[in-house]
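# Summary of the model geometry
Listed below are the residues making up each chain.
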Amino acid sequence: MTRILHFGIGNFHRAHQAWYTHRANQIKGTDWSITGVSLRSPAIRDTLSPQNFDYTLAIRDADGEALERVSVINDILFAGDGDTVAQSAILKAACEAEIIMLTITEKGYHLAPDGTLDLDHPNIQADLAGIPTTIYYYLFHALHLRETPATIISCDNLTANGDTLRDAVQRFADAKQLNMRAKVSFPNTMVDRITPATTDALRDHVKAAGMACAAPVETERFSEWVIEDKFVTPRPAWDNVGVQIVADASPYELRKLRMLNGAHSALAYAGTLAGHQFVHQAIADPDLRALAEGIFAEAGATLPDGMEFANYAAALLDRFANPALNHQLRQIAMDGTLKLPVRLLGTVDARGGDAPMCRRAVEAWMEFAIAETWAGSVLDDPKAAEIKAACTGETPKADLAKLIGYTAT
(Lines give C-alpha, C1' and ligand atoms only; values in the text may rest on other atoms or scores of the structure.)
Protein backbone atom coordinates (compact mmCIF):
# COMPACT_ATOMS: atom_id res chain seq x y z
CA MET A 1 0.00 0.00 0.00
CA THR A 2 1.16 3.54 -0.78
CA ARG A 3 1.82 5.25 2.54
CA ILE A 4 2.71 8.72 1.18
CA LEU A 5 1.55 10.09 -2.16
CA HIS A 6 3.32 13.25 -3.25
CA PHE A 7 2.18 15.60 -6.02
CA GLY A 8 5.09 17.62 -7.45
CA ILE A 9 8.20 15.47 -7.35
CA GLY A 10 10.66 18.25 -8.15
CA ASN A 11 13.95 19.31 -6.62
CA PHE A 12 12.52 20.98 -3.55
CA HIS A 13 10.53 17.92 -2.51
CA ARG A 14 13.56 15.68 -2.97
CA ALA A 15 15.74 18.05 -0.92
CA HIS A 16 13.14 18.46 1.80
CA GLN A 17 10.17 16.17 2.55
CA ALA A 18 11.69 13.10 0.87
CA TRP A 19 15.01 13.70 2.65
CA TYR A 20 13.30 14.05 6.04
CA THR A 21 11.34 10.84 5.42
CA HIS A 22 14.49 8.99 4.34
CA ARG A 23 16.29 10.12 7.51
CA ALA A 24 13.34 9.16 9.73
CA ASN A 25 13.38 5.67 8.21
CA GLN A 26 17.10 5.37 8.89
CA ILE A 27 16.86 6.49 12.50
CA LYS A 28 13.70 4.59 13.46
CA GLY A 29 14.09 1.55 11.20
CA THR A 30 10.75 2.22 9.52
CA ASP A 31 9.79 1.71 5.89
CA TRP A 32 7.74 4.73 4.89
CA SER A 33 7.86 5.13 1.11
CA ILE A 34 6.78 7.90 -1.23
CA THR A 35 5.00 7.48 -4.54
CA GLY A 36 5.50 10.61 -6.59
CA VAL A 37 3.09 12.15 -9.07
CA SER A 38 4.00 14.49 -11.91
CA LEU A 39 1.09 16.31 -13.53
CA ARG A 40 3.16 18.10 -16.18
CA SER A 41 6.05 16.02 -17.50
CA PRO A 42 7.32 12.42 -17.48
CA ALA A 43 10.94 13.63 -17.45
CA ILE A 44 11.75 13.04 -13.79
CA ARG A 45 10.05 9.61 -13.87
CA ASP A 46 12.04 8.60 -16.95
CA THR A 47 15.28 9.94 -15.47
CA LEU A 48 15.01 8.33 -12.04
CA SER A 49 13.40 5.02 -13.04
CA PRO A 50 16.67 3.39 -14.27
CA GLN A 51 18.26 4.09 -10.85
CA ASN A 52 15.32 2.66 -8.89
CA PHE A 53 14.16 6.22 -8.08
CA ASP A 54 17.14 6.77 -5.77
CA TYR A 55 19.08 10.01 -6.16
CA THR A 56 22.03 11.93 -4.75
CA LEU A 57 21.58 14.99 -2.57
CA ALA A 58 24.51 17.41 -2.43
CA ILE A 59 24.36 19.49 0.77
CA ARG A 60 26.66 22.49 0.34
CA ASP A 61 27.83 25.55 2.24
CA ALA A 62 31.01 27.54 2.73
CA ASP A 63 32.37 24.85 5.06
CA GLY A 64 32.16 22.05 2.54
CA GLU A 65 29.89 19.45 1.02
CA ALA A 66 28.19 16.19 1.96
CA LEU A 67 26.84 13.81 -0.67
CA GLU A 68 23.99 11.60 0.45
CA ARG A 69 22.13 8.87 -1.41
CA VAL A 70 18.39 9.16 -0.74
CA SER A 71 16.31 6.00 -1.10
CA VAL A 72 12.65 6.59 -0.25
CA ILE A 73 10.73 7.01 -3.53
CA ASN A 74 9.24 3.74 -4.77
CA ASP A 75 7.58 4.95 -7.97
CA ILE A 76 6.68 8.06 -9.96
CA LEU A 77 3.40 8.26 -11.85
CA PHE A 78 2.85 10.65 -14.76
CA ALA A 79 -0.71 11.82 -15.20
CA GLY A 80 -0.46 13.61 -18.53
CA ASP A 81 -1.06 12.73 -22.17
CA GLY A 82 -4.49 11.29 -21.39
CA ASP A 83 -3.00 8.07 -20.00
CA THR A 84 -6.10 6.61 -18.33
CA VAL A 85 -4.14 3.71 -16.84
CA ALA A 86 -1.79 6.11 -15.06
CA GLN A 87 -4.68 8.33 -14.01
CA SER A 88 -6.46 5.35 -12.50
CA ALA A 89 -3.27 4.35 -10.69
CA ILE A 90 -2.93 7.86 -9.22
CA LEU A 91 -6.53 7.87 -8.04
CA LYS A 92 -6.10 4.41 -6.50
CA ALA A 93 -2.98 5.59 -4.66
CA ALA A 94 -4.82 8.71 -3.48
CA CYS A 95 -7.58 6.49 -2.11
CA GLU A 96 -5.05 4.37 -0.18
CA ALA A 97 -2.31 6.73 0.98
CA GLU A 98 -2.28 7.69 4.63
CA ILE A 99 -0.58 11.00 3.85
CA ILE A 100 -0.92 13.06 0.66
CA MET A 101 1.59 15.89 0.20
CA LEU A 102 1.94 18.65 -2.36
CA THR A 103 4.72 20.87 -3.70
CA ILE A 104 3.09 22.22 -6.87
CA THR A 105 4.00 25.96 -6.62
CA GLU A 106 1.48 28.72 -6.08
CA LYS A 107 0.00 28.54 -9.57
CA GLY A 108 -0.82 24.85 -9.17
CA TYR A 109 -3.65 25.78 -6.79
CA HIS A 110 -5.59 27.78 -9.39
CA LEU A 111 -6.79 30.41 -6.95
CA ALA A 112 -8.81 33.48 -7.86
CA PRO A 113 -7.67 36.94 -6.65
CA ASP A 114 -9.81 36.54 -3.52
CA GLY A 115 -7.88 33.38 -2.58
CA THR A 116 -10.68 30.92 -3.35
CA LEU A 117 -10.61 28.20 -6.00
CA ASP A 118 -11.14 29.69 -9.47
CA LEU A 119 -13.98 27.55 -10.73
CA ASP A 120 -13.88 29.33 -14.08
CA HIS A 121 -10.28 28.34 -14.81
CA PRO A 122 -10.18 26.02 -17.85
CA ASN A 123 -8.21 23.38 -15.94
CA ILE A 124 -10.74 23.34 -13.10
CA GLN A 125 -13.56 23.21 -15.64
CA ALA A 126 -11.89 20.14 -17.15
CA ASP A 127 -11.66 18.50 -13.71
CA LEU A 128 -15.33 19.20 -13.05
CA ALA A 129 -16.17 17.63 -16.41
CA GLY A 130 -14.35 14.44 -15.42
CA ILE A 131 -11.09 15.06 -17.29
CA PRO A 132 -8.18 14.68 -14.80
CA THR A 133 -6.10 17.83 -15.09
CA THR A 134 -5.19 19.22 -11.64
CA ILE A 135 -4.78 18.03 -8.07
CA TYR A 136 -8.45 18.74 -7.36
CA TYR A 137 -9.71 15.91 -9.54
CA TYR A 138 -7.64 13.39 -7.59
CA LEU A 139 -8.10 14.90 -4.11
CA PHE A 140 -11.85 15.29 -4.42
CA HIS A 141 -12.53 11.86 -5.90
CA ALA A 142 -10.24 10.17 -3.40
CA LEU A 143 -11.96 11.87 -0.46
CA HIS A 144 -15.36 11.08 -1.95
CA LEU A 145 -14.56 7.40 -2.50
CA ARG A 146 -12.40 6.45 0.47
CA GLU A 147 -13.67 5.74 3.97
CA THR A 148 -10.31 5.69 5.76
CA PRO A 149 -8.79 8.92 7.17
CA ALA A 150 -6.25 10.99 5.26
CA THR A 151 -3.84 13.75 6.20
CA ILE A 152 -3.22 16.16 3.34
CA ILE A 153 -0.17 18.41 3.65
CA SER A 154 0.44 21.41 1.43
CA CYS A 155 4.12 22.39 1.42
CA ASP A 156 3.82 25.44 -0.82
CA ASN A 157 4.32 29.13 -0.10
CA LEU A 158 0.69 30.06 0.43
CA THR A 159 -0.69 31.93 3.42
CA ALA A 160 -2.38 29.33 5.66
CA ASN A 161 -1.63 26.74 2.99
CA GLY A 162 -3.56 23.92 4.67
CA ASP A 163 -6.65 26.02 5.30
CA THR A 164 -6.47 27.40 1.76
CA LEU A 165 -6.27 23.93 0.24
CA ARG A 166 -9.07 22.61 2.45
CA ASP A 167 -11.37 25.45 1.38
CA ALA A 168 -10.47 24.98 -2.28
CA VAL A 169 -11.22 21.24 -2.18
CA GLN A 170 -14.52 21.95 -0.42
CA ARG A 171 -15.43 24.53 -3.08
CA PHE A 172 -14.70 21.92 -5.74
CA ALA A 173 -16.91 19.41 -3.89
CA ASP A 174 -19.71 21.96 -3.65
CA ALA A 175 -19.48 22.56 -7.40
CA LYS A 176 -19.76 18.79 -7.96
CA GLN A 177 -22.68 18.68 -5.50
CA LEU A 178 -21.13 15.63 -3.86
CA ASN A 179 -19.86 15.05 -0.34
CA MET A 180 -16.42 13.95 0.80
CA ARG A 181 -16.86 10.94 3.07
CA ALA A 182 -13.34 10.52 4.39
CA LYS A 183 -12.16 11.98 7.68
CA VAL A 184 -9.45 14.36 6.56
CA SER A 185 -7.16 17.02 8.00
CA PHE A 186 -5.21 19.79 6.27
CA PRO A 187 -2.43 20.97 8.63
CA ASN A 188 -0.85 24.34 7.89
CA THR A 189 2.89 24.10 7.33
CA MET A 190 6.04 26.12 6.75
CA VAL A 191 8.89 24.73 4.65
CA ASP A 192 12.31 26.26 4.12
CA ARG A 193 15.38 25.06 2.26
CA ILE A 194 17.05 26.86 -0.61
CA THR A 195 17.21 24.46 -3.56
CA PRO A 196 18.60 25.58 -6.93
CA ALA A 197 17.86 23.90 -10.24
CA THR A 198 20.04 20.94 -11.26
CA THR A 199 22.88 21.70 -13.69
CA ASP A 200 25.18 19.62 -15.86
CA ALA A 201 28.04 20.83 -13.67
CA LEU A 202 26.37 19.24 -10.65
CA ARG A 203 25.83 15.97 -12.52
CA ASP A 204 29.49 15.92 -13.54
CA HIS A 205 30.63 16.74 -10.02
CA VAL A 206 28.54 13.97 -8.45
CA LYS A 207 29.73 11.47 -11.04
CA ALA A 208 33.37 12.41 -10.40
CA ALA A 209 32.76 11.81 -6.69
CA GLY A 210 31.69 8.23 -7.43
CA MET A 211 27.93 8.74 -6.92
CA ALA A 212 26.71 8.98 -10.51
CA CYS A 213 23.14 10.23 -10.70
CA ALA A 214 21.13 11.50 -13.64
CA ALA A 215 19.06 13.82 -11.44
CA PRO A 216 21.07 14.94 -8.41
CA VAL A 217 19.82 17.79 -6.25
CA GLU A 218 21.89 20.44 -4.51
CA THR A 219 20.75 22.31 -1.43
CA GLU A 220 22.00 24.20 1.60
CA ARG A 221 22.75 22.71 5.01
CA PHE A 222 19.95 24.71 6.65
CA SER A 223 16.51 23.10 6.57
CA GLU A 224 13.28 23.79 8.43
CA TRP A 225 9.83 22.19 8.41
CA VAL A 226 7.02 23.21 10.72
CA ILE A 227 3.73 21.26 10.68
CA GLU A 228 0.63 21.81 12.75
CA ASP A 229 -0.27 18.84 14.94
CA LYS A 230 -3.49 17.97 13.12
CA PHE A 231 -2.70 14.47 11.89
CA VAL A 232 -5.57 11.98 11.63
CA THR A 233 -3.24 9.22 10.39
CA PRO A 234 0.13 7.78 11.41
CA ARG A 235 3.19 9.71 10.26
CA PRO A 236 6.92 9.06 9.84
CA ALA A 237 9.11 9.95 12.81
CA TRP A 238 9.74 13.37 11.32
CA ASP A 239 9.94 14.97 14.76
CA ASN A 240 13.00 12.78 15.47
CA VAL A 241 14.91 14.33 12.58
CA GLY A 242 14.26 18.02 13.17
CA VAL A 243 10.68 18.63 12.02
CA GLN A 244 8.77 20.85 14.43
CA ILE A 245 5.24 19.64 15.20
CA VAL A 246 3.43 22.68 16.63
CA ALA A 247 -0.03 23.91 17.57
CA ASP A 248 0.10 26.92 15.23
CA ALA A 249 2.37 27.28 12.20
CA SER A 250 1.23 30.77 11.19
CA PRO A 251 3.98 32.82 12.93
CA TYR A 252 6.69 30.70 11.29
CA GLU A 253 4.95 30.92 7.93
CA LEU A 254 4.55 34.69 8.14
CA ARG A 255 8.20 35.20 9.06
CA LYS A 256 9.41 33.06 6.21
CA LEU A 257 7.08 34.49 3.56
CA ARG A 258 7.69 38.14 4.39
CA MET A 259 11.38 37.97 5.27
CA LEU A 260 13.06 35.19 3.27
CA ASN A 261 10.68 35.07 0.31
CA GLY A 262 10.14 38.82 0.26
CA ALA A 263 13.88 39.51 0.14
CA HIS A 264 14.40 36.72 -2.39
CA SER A 265 11.91 38.31 -4.78
CA ALA A 266 13.48 41.73 -4.26
CA LEU A 267 16.93 40.36 -5.08
CA ALA A 268 15.57 38.46 -8.08
CA TYR A 269 14.23 41.56 -9.81
CA ALA A 270 16.61 44.27 -8.61
CA GLY A 271 19.58 41.90 -8.89
CA THR A 272 18.80 40.88 -12.45
CA LEU A 273 18.36 44.53 -13.43
CA ALA A 274 21.78 45.23 -11.87
CA GLY A 275 23.38 42.54 -14.02
CA HIS A 276 23.74 39.78 -11.44
CA GLN A 277 22.97 36.11 -12.12
CA PHE A 278 23.00 34.42 -8.71
CA VAL A 279 21.68 35.23 -5.24
CA HIS A 280 25.15 35.22 -3.67
CA GLN A 281 26.28 37.81 -6.22
CA ALA A 282 23.27 40.03 -5.55
CA ILE A 283 23.64 39.97 -1.77
CA ALA A 284 27.32 40.94 -2.17
CA ASP A 285 26.18 44.16 -3.89
CA PRO A 286 26.04 46.78 -1.07
CA ASP A 287 22.96 48.47 -2.47
CA LEU A 288 21.04 45.20 -2.80
CA ARG A 289 22.19 44.01 0.61
CA ALA A 290 20.74 47.21 2.06
CA LEU A 291 17.50 46.48 0.20
CA ALA A 292 17.29 42.99 1.71
CA GLU A 293 18.11 44.27 5.20
CA GLY A 294 15.43 46.94 4.84
CA ILE A 295 12.84 44.32 3.90
CA PHE A 296 13.87 42.21 6.90
CA ALA A 297 13.32 45.19 9.20
CA GLU A 298 9.97 46.18 7.68
CA ALA A 299 8.67 42.61 7.65
CA GLY A 300 10.01 41.81 11.10
CA ALA A 301 8.02 44.66 12.60
CA THR A 302 4.78 43.06 11.32
CA LEU A 303 5.31 39.69 12.99
CA PRO A 304 3.32 38.56 16.05
CA ASP A 305 4.63 39.64 19.43
CA GLY A 306 7.38 37.37 20.66
CA MET A 307 8.34 36.06 17.22
CA GLU A 308 12.12 36.45 17.02
CA PHE A 309 13.39 37.95 13.79
CA ALA A 310 16.77 39.64 14.35
CA ASN A 311 18.74 36.38 14.51
CA TYR A 312 16.61 34.98 11.70
CA ALA A 313 17.53 37.98 9.52
CA ALA A 314 21.23 37.54 10.27
CA ALA A 315 21.01 33.86 9.35
CA LEU A 316 19.28 34.76 6.08
CA LEU A 317 22.15 37.03 5.06
CA ASP A 318 24.57 34.15 5.62
CA ARG A 319 22.36 31.76 3.68
CA PHE A 320 21.97 34.16 0.75
CA ALA A 321 25.74 34.64 0.66
CA ASN A 322 26.41 30.87 0.46
CA PRO A 323 29.06 30.65 -2.28
CA ALA A 324 28.53 26.93 -2.75
CA LEU A 325 25.04 27.35 -4.23
CA ASN A 326 24.49 28.96 -7.61
CA HIS A 327 20.87 29.92 -7.01
CA GLN A 328 19.64 31.56 -10.19
CA LEU A 329 17.84 34.89 -9.69
CA ARG A 330 15.63 34.10 -12.68
CA GLN A 331 14.51 30.88 -11.01
CA ILE A 332 13.10 33.01 -8.18
CA ALA A 333 11.71 35.65 -10.56
CA MET A 334 9.00 33.43 -12.06
CA ASP A 335 5.30 33.85 -11.15
CA GLY A 336 5.67 37.37 -9.78
CA THR A 337 1.96 38.20 -9.96
CA LEU A 338 1.28 35.32 -7.58
CA LYS A 339 4.25 35.82 -5.29
CA LEU A 340 4.42 39.57 -4.72
CA PRO A 341 1.00 39.98 -3.05
CA VAL A 342 2.00 37.42 -0.41
CA ARG A 343 5.70 38.17 -0.09
CA LEU A 344 5.77 41.98 -0.25
CA LEU A 345 2.33 43.55 -0.31
CA GLY A 346 1.39 41.81 2.95
CA THR A 347 4.11 43.82 4.66
CA VAL A 348 3.09 47.03 2.87
CA ASP A 349 -0.52 46.59 3.99
CA ALA A 350 0.40 45.60 7.54
CA ARG A 351 2.46 48.78 7.87
CA GLY A 352 -0.27 51.02 6.49
CA GLY A 353 1.74 51.63 3.35
CA ASP A 354 4.90 52.71 5.21
CA ALA A 355 7.30 50.14 3.73
CA PRO A 356 9.68 51.94 1.34
CA MET A 357 11.99 48.95 0.82
CA CYS A 358 9.12 46.60 -0.01
CA ARG A 359 7.76 49.26 -2.34
CA ARG A 360 11.16 49.54 -3.99
CA ALA A 361 11.08 45.79 -4.58
CA VAL A 362 7.66 46.04 -6.22
CA GLU A 363 8.98 48.83 -8.44
CA ALA A 364 11.90 46.55 -9.37
CA TRP A 365 9.42 43.89 -10.49
CA MET A 366 7.66 46.45 -12.69
CA GLU A 367 10.95 47.60 -14.22
CA PHE A 368 11.98 43.97 -14.74
CA ALA A 369 8.68 43.16 -16.46
CA ILE A 370 8.93 46.21 -18.73
CA ALA A 371 12.57 45.51 -19.62
CA GLU A 372 11.88 41.83 -20.36
CA THR A 373 8.84 42.65 -22.49
CA TRP A 374 10.64 45.27 -24.54
CA ALA A 375 13.52 42.82 -25.02
CA GLY A 376 11.06 40.41 -26.62
CA SER A 377 10.87 37.93 -23.72
CA VAL A 378 7.68 36.40 -22.37
CA LEU A 379 7.65 36.26 -18.58
CA ASP A 380 7.22 32.90 -16.84
CA ASP A 381 4.01 33.95 -15.10
CA PRO A 382 0.38 32.80 -15.25
CA LYS A 383 -0.54 36.37 -16.24
CA ALA A 384 2.13 36.68 -18.92
CA ALA A 385 -0.35 37.94 -21.53
CA GLU A 386 -1.70 40.61 -19.18
CA ILE A 387 1.85 41.66 -18.27
CA LYS A 388 2.76 42.04 -21.93
CA ALA A 389 -0.36 44.11 -22.58
CA ALA A 390 0.40 46.33 -19.59
CA CYS A 391 4.03 46.84 -20.56
CA THR A 392 3.18 47.84 -24.12
CA GLY A 393 0.35 50.19 -23.12
CA GLU A 394 0.39 53.88 -22.33
CA THR A 395 0.62 53.51 -18.53
CA PRO A 396 2.65 50.35 -17.92
CA LYS A 397 3.41 50.81 -14.22
CA ALA A 398 -0.17 51.75 -13.34
CA ASP A 399 -1.48 48.74 -15.27
CA LEU A 400 1.07 46.39 -13.70
CA ALA A 401 0.08 47.68 -10.26
CA LYS A 402 -3.54 46.75 -10.98
CA LEU A 403 -2.48 43.19 -11.84
CA ILE A 404 -1.17 42.61 -8.32
CA GLY A 405 -3.55 44.87 -6.40
CA TYR A 406 -0.83 47.40 -5.55
CA THR A 407 -1.51 51.01 -4.69
CA ALA A 408 1.48 53.23 -5.36
CA THR A 409 2.16 56.27 -3.21
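Residues numbered from 1 in each chain as written. Predicted model: local features only at pLDDT ≥ 70, side-chain atom pairs only at ≥ 80, totals over all residues. Heavy atoms only, no water.

### Some words on the sheet that holds strand E11 (residues 224-228)
Backbone-to-backbone hydrogen bonds join strands into a sheet, with any given pair of strands oriented parallel or antiparallel. Convention followed: Note: two strands are recorded as paired if DSSP finds a minimum of 2 bridges between them. Here a strand is any run of E in DSSP of at least two residues, a helix any run of H or I of at least four, and the numbering for each starts at the N terminus. A fitted line through C-alpha atoms represents every axis, and for helices the fit uses only the stretch in contact; the resulting angles, taken between N-to-C directions, go from 0 to 180 degrees.
The strand order E9-E11-E12 describes an open sheet built from three strands, whose pairing is mixed. The two strands at the open ends of the sheet, each matched to only one other strand, are strand E9 (189-192) and strand E12 (244-246). Pairs of neighbouring strands in the sheet enclose a mean axial angle of 15 degrees, with direction left out of account. The sheet contact formed by E11 and E12 spans three bridges and is parallel. If you follow glutamate 228 over to E12, its bridge partner there is valine 246.

### Regarding the environment of aspartate 127
Worth spelling out the cut-off: The cut-offs for exposure are 20% and 50% of the maximum accessible area for each residue type, with area from a 1.4 Å probe on protein chains only; residues under the lower value are buried, those over the upper are exposed, and the others partly exposed. Any two residues whose heavy atoms approach within 4.5 Å are treated as being in contact.
Position of aspartate 127 among the secondary structure elements: in helix H5 (residues 122-128). A residue is classified by how much of its surface remains accessible, and aspartate 127, at 0% relative accessible area, is buried. Considering only alpha carbons, one finds aspartate 127 and tyrosine 138, 11 residues apart in sequence, at a separation of 8.9 Å. What aspartate 127 contacts, discounting residues up to four positions off in sequence, is Pro132, Thr133, Thr134, Tyr136, Tyr137 and Phe172.

### Quick notes on the packing of helix H15 (residues 356-374) against helix H17 (residues 396-404)
Formally: Left-handed describes a crossing whose near helix is turned anticlockwise from the far helix by less than a right angle; the clockwise case is right-handed. The classification used treats Ala, Val, Leu, Ile, Met, Phe, Trp, Tyr, Cys and Pro as nonpolar, Asp, Glu, Lys and Arg as charged, and all other residues, Gly among them, as polar.
In contact at an axis separation of 10 Å, H15 and H17 are set at 115 degrees when each is read in the N-to-C sense. Between H15 and H17 the crossing geometry is right-handed. Note on element contacts: H17 touches H15 through Pro396, Lys397, Leu400, Ala401 and Ile404, opposite Val362, Glu363, Trp365, Met366, Glu367, Ala369 and Ile370. Here the contact of H15 with H17 is built from residues that sort into nine nonpolar, no polar and three charged.

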